[in-house]
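# Reading the structure
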Protein chains: 2
Amino acid sequence: MAQRFSVAYWLAAADEREAYARALDICVEQTVEIPRDIVPVGYVEDEILGRLEALLPGSDERGGFLADISYSEDDVGGDFLQLLNIVFGNSSIKTGTRVEAIQLSDGLRALCPGPRFGAAGLRARTGISSGPLIMSAIKPVGLSTGELANLAHKFALGGMHLIKDDHGLVDQPTSPYAERLAACVAAVEEANDKTGYRCAYVPNITGSASQIFERAFMAREAGAGAVMLAPSLVGFDVSRSLAADPDFGLPVVSHPTFAGANIITPTTGFSHRFFFGTLQRLMGVDAVVFPNFGGRFGFSREECLSILQGCTEDLGGPKPIFPAPGGGMTFERIPDMQRAYGDHVIYLIGGALLREREMVAACQALRAGIAGAATASGSGTPAY
Amino acid sequence: MAQRFSVAYWLAAADEREAYARALDICVEQTVEIPRDIVPVGYVEDEILGRLEALLPGSDERGGFLADISYSEDDVGGDFLQLLNIVFGNSSIKTGTRVEAIQLSDGLRALCPGPRFGAAGLRARTGISSGPLIMSAIKPVGLSTGELANLAHKFALGGMHLIKDDHGLVDQPTSPYAERLAACVAAVEEANDKTGYRCAYVPNITGSASQIFERAFMAREAGAGAVMLAPSLVGFDVSRSLAADPDFGLPVVSHPTFAGANIITPTTGFSHRFFFGTLQRLMGVDAVVFPNFGGRFGFSREECLSILQGCTEDLGGPKPIFPAPGGGMTFERIPDMQRAYGDHVIYLIGGALLREREMVAACQALRAGIAGAATASGSGTPAY
């Protein structure tokens, strides 16, 4: 018999009887997808069919129940998309059903070795051994390559650790991908030569499905420090494939665009901890962008802290990664974020820096302020 | 100035003032993603920034408002994923925001020429010029290639028009992809030789991101009649790329697995008409699988009829496609479905056939029953 992994689902149900029936439905829906009474006896029933391992009442304000359902590695067939299909495929379309967490098996750890770099690797590459990192973004779409590269240059001079493309920058005529890539790498390198820092430019990887890998490798060839992509658009295996490819060898930053309602309703979709934590690590992502609490999106402080947990908790293999909260960040919010995230964080600060007239000085002040806050809070070198 | 396309959003808002503010936020969020007061004047503000074209009170039980927002083709940069990013990227993570419809521009029609075959092309390939088509599925995961091919053979003998893989069939050791592909193509061809029909085998295309196209072309080389894929897992550009590739030349069936909460809540995500209709056609899909009303998922009859509308309404270019409702279909439901969908439908019937002892005879009865219902309802040759 193959090893089994298990998924914890939250289920809406009026009572245990209903919850039990719903949980058994998931065992069928996620695996054999035929009526229970015609599941072939033997291997299919014993091995492939999902198995309800535990059912407990929910412990938060949602009520409901938590069902622990195990699946066989045989059902995965070495296919990461099929793993996601088993975890939540058809059941994702049912109301009152949410993926809370996954318990990995050795086979899944082999299929998903996780990020190549992780938080520690990103620290090593940027030369920042303690305290939060800072990432800014060049934007908006519509600026010329020269204007965008100039922004990147100033951000790098100001001591930002990572400078990413806005996720809307693709291959527009105003700034074609190859041109922007070359210009921004050069602009950041030039700044690094002056500062002695190791700032990384992080281009946005998109395009037609057959271009994605080509663009990612172009970034590597050109000297980018990492790449960014949006799994909900490009597909959920791209980052895993890139991270697993020894010839690629760049960190991957993931962006939440198009992730949609799956991550904003408490009774459907995915828990924040799973979607922005566990799943990202299984996908080989090194840093995950998500909407910060108190910004212009609706994530709560508690939800963001659960993401920090998902990014750092022991998974028995996949490395811890960086949460990169962003979206409406301002200088004033740094102390509160410091209390929430400690040192295990990449601050993503975009618009707030762009409005500064003296951008380099503003970046330097931001960098000093964050380093000071980290020292003041007494948080030492991270554990990873 | 480039042409503009527009997206209709439903917005939750207490009054027009709030709706107006929310709509203007979307104009910024989906394009420049920087505070409104620092948007560069000139090209960026005039061209790239989203533009609120109309704001009207909602007309259904949700209340709220409908905002019509236009975007420049310049922002798309010839990138389909960027189009989706503009349509709903970050705003997909906001509550009370839903994409209802899109108004295409000529540039988008050039980027998305749509399905290669469409409903009429699928009819031509299967030789069924009128009435509903029938698709069944070989399953469950865990059966051997021989068992699955035997099922495909019987379905084809019984006159099913399309026979798809279960979407959980990937490359499991019990039935590796290449082996299953060869065996099922042969099994269906052998049956076609006996019946004179043109039944098509439709393998499930998945794998690592770099394998997807290889698997799709393997299907073509082996003689499959179409391919199936799940856009929410493999990414949203794969089917568009395949449909646009003249060397590929097979119809594409899309499967809704992992589409999640985006398609089940009335106040977030996408309207059924957009997600299962318009979007599929922009992606080059020829037939779209979705959960039928009255089955084990929660779609209403009205929602399913809106999908039929989305699959067939005039988009000024992309061909009409087939809705393929499935999920808990039974023989008894055929008359009701016939009243709902008319002839413009592929009935997806899986489990109900698998429980029949005399499967070939059951398929033949089903085919005859559906043809009879089509004749009885007086519905003639479809308009496409």
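Just so you know, these numbers come straight off a predicted model, no measurement behind them. Each residue is numbered by its place in its chain's sequence as written, counting from 1. Naming scheme: in the order in which they are written, chains are lettered from A and ligands are numbered from 1. Per-residue local features are limited, in this predicted model, to residues with pLDDT of at least 70; the limit for side-chain atom pairs, both in listing and counting, is 80 or more; totals at the level of whole chains, interfaces and linings are taken over all residues. Hydrogens and water molecules were not included; the side-chain quantities draw on all heavy atoms of the structure.

### Re the sheet that holds strand 12 (residues 322-326) of chain B
Residue and element names in this part refer to chain B.
- Strand pairing is assigned whenever DSSP identifies at least 2 bridges connecting the two strands. Secondary structure follows DSSP: runs of H or I at least 4 residues long count as helices, runs of E at least 2 residues long count as strands, and numbering of each begins at the N terminus. Taken in spatial order, the four strands line up as 8-9-11-12 in an open sheet, and their pairing is parallel. Bordering the open sheet on either side are strand 8 (227-229) and strand 12, each of which pairs with just one other strand. Averaged over all neighbouring strand pairs, the angle between strand axes comes to 25°, with direction disregarded. To get an axis, fit a line to the C-alpha atoms, keeping to the stretch in contact for a helix; angles then go from 0 to 180 degrees between the N-to-C directions.

### Brief notes about the packing of helix 11 (residues 272-282) of chain A against helix 12 (residues 301-312) of chain A
Residues and elements named next belong to chain A.
- Where helix 11 contacts helix 12, the axes come no closer than 7 Å and their chain directions differ by 25°. Between helix 11 and helix 12, the crossing angle belongs to the class labelled roughly parallel. For the crossing formed where helix 11 meets helix 12, the hand is right-handed. Along its contact with helix 11, which presents His272, Arg273, Phe276, Gly277, Thr278 and Arg281, the element helix 12 presents Glu303, Ser306, Ile307, Gln309, Gly310, Cys311 and Thr312.
- Grouping the constituent residues of the contact of helix 11 with helix 12 by class yields three nonpolar, seven polar and three charged. When an angle is under 35 degrees it counts as roughly parallel; over 145 it counts as roughly antiparallel; between 65 and 115 it counts as roughly perpendicular; any other value is oblique. Note on convention: near helix rotated counterclockwise from far helix by under a right angle means a left-handed crossing. Clockwise means right-handed. When checking whether two residues touch, look at their non-hydrogen atoms; a contact exists if any pair is within 4.5 Å. Amino acids outside the nonpolar list (Ala, Val, Leu, Ile, Met, Phe, Trp, Tyr, Cys, Pro) and the charged list (Asp, Glu, Lys, Arg) are all regarded as polar, and Gly is one of them.

### With respect to the confidence of the model for chain A
- Residue-level confidence of the predictor, termed pLDDT, takes values from 0 up to 100. Model confidence for chain A is summarised by a mean pLDDT of 94, while 97% of its residues fall at 70 or above.
- Across the interface, the model reports ipTM at 0.96; the global pTM reads 0.96.

### Focus: the nonpolar core
- Ile138(A), Phe155(A), Ile138(B) and Phe155(B) are the most contacted members of the largest nonpolar core, which has 231 residues in total.
- Beyond its immediate sequence surroundings of up to four residues, Phe155(A) is in contact with Ser136(A), Ala137(A), Ile138(A), Met160(A), Ile163(A), Leu353(A), Leu354(A), Met359(A) and Cys363(A). Residues enter a nonpolar core if they are buried and are Ala, Val, Leu, Ile, Met, Phe, Trp, Tyr or Cys, with the set joined through side-chain atoms within 4.5 Å. When a residue's accessible area, from a 1.4 Å probe over protein chains only, is under 20% of the maximum for its type it is buried; when over 50% it is exposed; and in between it is partly exposed.

### Topic: the relation of the copies chain B and chain A
- The atoms used to superpose the copies are C-alpha atoms, taken from residues with pLDDT of at least 70 in both, and the fit is least squares. When chain B is fitted onto chain A, the two copies agree to an RMSD of 0.0 Å after a turn of 180° and an axial shift of 0.0 Å. In short, the pair behaves as if placed about a two-fold rotation axis. No C-alpha of chain B lies nearer the rotation axis than that of Gly235(B), which sits 1.8 Å from it.
- Most of the interface of chain B is mirrored in chain A: 100% of its interface residues are interface residues there too.

### Section: the sheet that holds strand 1 (residues 4-11) of chain B
All names here are of chain B.
- An order of 2-3-1-4-10 is seen for the five strands of this open sheet, with the pairing classed as mixed. Of all strands in the sheet, those with a lone pairing partner are strand 2 (51-57) and strand 10 (268-270), marking the two edges. With strand direction ignored, the average angle separating the axes of adjacent strands in the sheet is 25°.
- Alignment of strand 1 against strand 3 (residues 65-72), held across eight bridges, turns out to be antiparallel.

### Remarks on helix 5 (residues 118-126) of chain A
- Those residues of helix 5 of chain A that fall on the buried side of the exposure criterion are Gly118(A), Ala119(A), Gly121(A), Leu122(A), Arg123(A) and Thr126(A).
- On the buried face of helix 5 of chain A, the contacting elements are strand 5 (133-138), strand 6 (162-165), strand 11 (287-291), strand 12 (322-326) and strand 13 (346-348) of chain A.

### A few points about the pairing of strand 12 of chain B
Residue and element names in this part refer to chain B.
- Counting buried residues along strand 12, five of its five residues qualify, which places the element largely inside the surrounding structure.
- Alternating residues of strand 12 divide into Phe322, Ala324 and Gly326 and Pro323 and Pro325, and every residue in both groups is buried.
- As paired elements, strand 11 (residues 287-291) and strand 12 share five bridges and run parallel to each other. Across the sheet, Phe290 pairs through a bridge with Pro325, a residue of strand 12.
- Chirality of the crossover, the property in question, places the unit of strand 11, helix 12 (residues 301-312) and strand 12 among those that are right-handed. Handedness of a crossover is defined as follows: orient the strands so they point away from the viewer, and if the path from the first strand over the helix to the second runs clockwise, the crossover is right-handed.

### A closer look at unusual backbone geometry
Residue and element names in this part refer to chain A.
- Residue Pro140 is bonded to the preceding Lys139 through a cis peptide linkage, with omega at 5°.
- Positionally, Pro140 belongs in the loop between strand 5 and helix 6 (145-157).
- One non-glycine residue, Phe258, lies in the positive phi region at around 75°.
- In this structure, Phe258 sits in the loop between strand 9 (252-254) and strand 10 (268-270).
- Among the residues examined, Phe258 registers a relative accessible area of 6% and is labelled buried.

### Looking at the domain arrangement of chain A
Residues and elements named next belong to chain A.
- As far as domains go, chain A holds domain 1 (4-111) and domain 2 (118-376).
- Segment limits for the domains were obtained from an automatic or database-derived domain assignment. Its C-alpha centre places domain 1 at a distance of 33 Å from the equivalent point of domain 2.
- Between domain 1 and domain 2, the contact holds 19 residues from the first and 20 residues from the second.
- Buried area is calculated as the accessible area (1.4 Å probe) missing from two parts once they are joined, with the contributions of both summed. Taking both partners together, domain 1 and domain 2 bury about 1600 Å²; carbon and sulfur atoms supply 68% of that area.
- Of all residues in domain 1, Phe80, Arg98 and Leu104 bury the most surface against domain 2, accounting for 34% of the area lost on that side.
- One side-chain nitrogen of Lys or Arg within 4 Å of one carboxyl oxygen of Asp or Glu is enough to make a salt bridge. Our count for the domain 1 to domain 2 interface comes out at zero salt bridges.

### Focus on the interface of chain B and chain A
- Opposite the 77 residues of chain B that make contact, chain A presents 77 residues.
- Between chain B and chain A lies a buried interface of about 6100 Å² when both sides are counted; carbon and sulfur atoms form 62% of it.
- When residues of chain B are sorted by the area they lose upon contact with chain A, Ile93(B), Leu233(B) and Phe258(B) head the list and together hold 12% of the total.
- A salt bridge links Glu29(A) to Arg296(B); its shortest N-O distance comes to 2.6 Å.
- At the level of secondary structure, the elements contributing two or more residues to the side of chain B that touches chain A comprise helix 2 (43-48), helix 3 (80-88), helix 8 (212-222), helix 9 (231-234), helix 10 (238-244), strand 10 and helix 14 (351-354) of chain B.
- When its residues are assigned to classes, the side of chain B that touches chain A shows 35 nonpolar, 28 polar and 14 charged.

### A word on the packing of aromatic side chains
- Any pair of Phe, Tyr and Trp rings, taking the six-membered ring for Trp, is counted once the centres come within 6.5 Å. Such a pair is stacked with planes under 30 degrees apart, edge-to-face with planes over 60 apart, and tilted for the rest. Applying the stated criterion across every chain, the model contains 24 aromatic pairs over all chains.
- Aromatic pair Phe88(A) and Phe270(A): ring centres 5.1 Å apart, planes at 65°, arrangement edge-to-face. Placement of the pair is Phe88(A) in helix 3 (residues 80-88) and Phe270(A) in strand 10, with a sequence separation of 182 residues.
- Take Phe88(A): its relative accessible area is 0%, and that puts it in the buried class.
- Here a set of aromatic residues connected by ring pairs shows up, and it is made of Phe88(A), Phe236(A), Phe270(A), Phe274(A), Phe275(A), Phe276(A), Phe290(A), Phe293(A), Phe299(A), Tyr341(A) and Phe258(B).
- Above the plane of the ring of Phe297(A) lies Lys94(B), whose end atom (NZ or CZ) is 4.9 Å from the centre. Whether a charge sits over a ring depends on NZ of Lys or CZ of Arg being within 6 Å of the ring centre and within 35 degrees of the ring normal.

### Some details on the pattern of salt bridges
- Scanning the entire structure with this criterion turns up 36 salt bridges over all chains.
- The partner of Arg240(A) in a salt bridge is Asp237(A), and the shortest N-O contact between them spans 2.7 Å. You'll find Arg240(A) and Asp237(A) in the same group, each marked buried.
- Salt-bridge contacts for Asp165(B) lead to Arg180(B); the nearest nitrogen and oxygen are separated by 3.2 Å. Of this pair, Asp165(B) sits in strand 6 (residues 162-165) while Arg180(B) sits in helix 7 (residues 177-195), placing them 15 residues apart in sequence.
- Residue classification places Asp165(B) among the buried positions, given a relative accessible area of 0%.
- Looking at Arg180(B), the relative accessible area reads 0%, which means it is buried.

### Some details on the packing of helix 12 of chain B against helix 13 (residues 334-341) of chain B
Residues and elements named next belong to chain B.
- Closest axis-to-axis distance for the helix 12/helix 13 pair is 10 Å, and the angle between their directions is 50°. Classified by the angle between their axes, helix 12 and helix 13 sit oblique to one another. On the side of helix 12, the interface is formed by Arg301, Cys304, Leu305 and Leu308, while helix 13 contributes Asp336, Arg339, Ala340 and Tyr341.
- Residue composition of the contact of helix 12 with helix 13, grouped by class: five nonpolar, no polar and three charged.

### Some points on helix 12 of chain B
Residue and element names in this part refer to chain B.
- By this rule, a helix spans an expected 1.5 Å times one less than how many residues it contains. Helix length check: helix 12 (12 residues) gives 17 Å between terminal C-alpha atoms against 16 Å at 1.5 Å per residue, within 8%.
- For helix 12, the set of buried residues is Cys304, Ser306, Ile307, Leu308, Gly310 and Cys311.
- Tucked inside the fold, the buried residues of helix 12 contact helix 11 (272-282), strand 11, strand 12 and helix 13.

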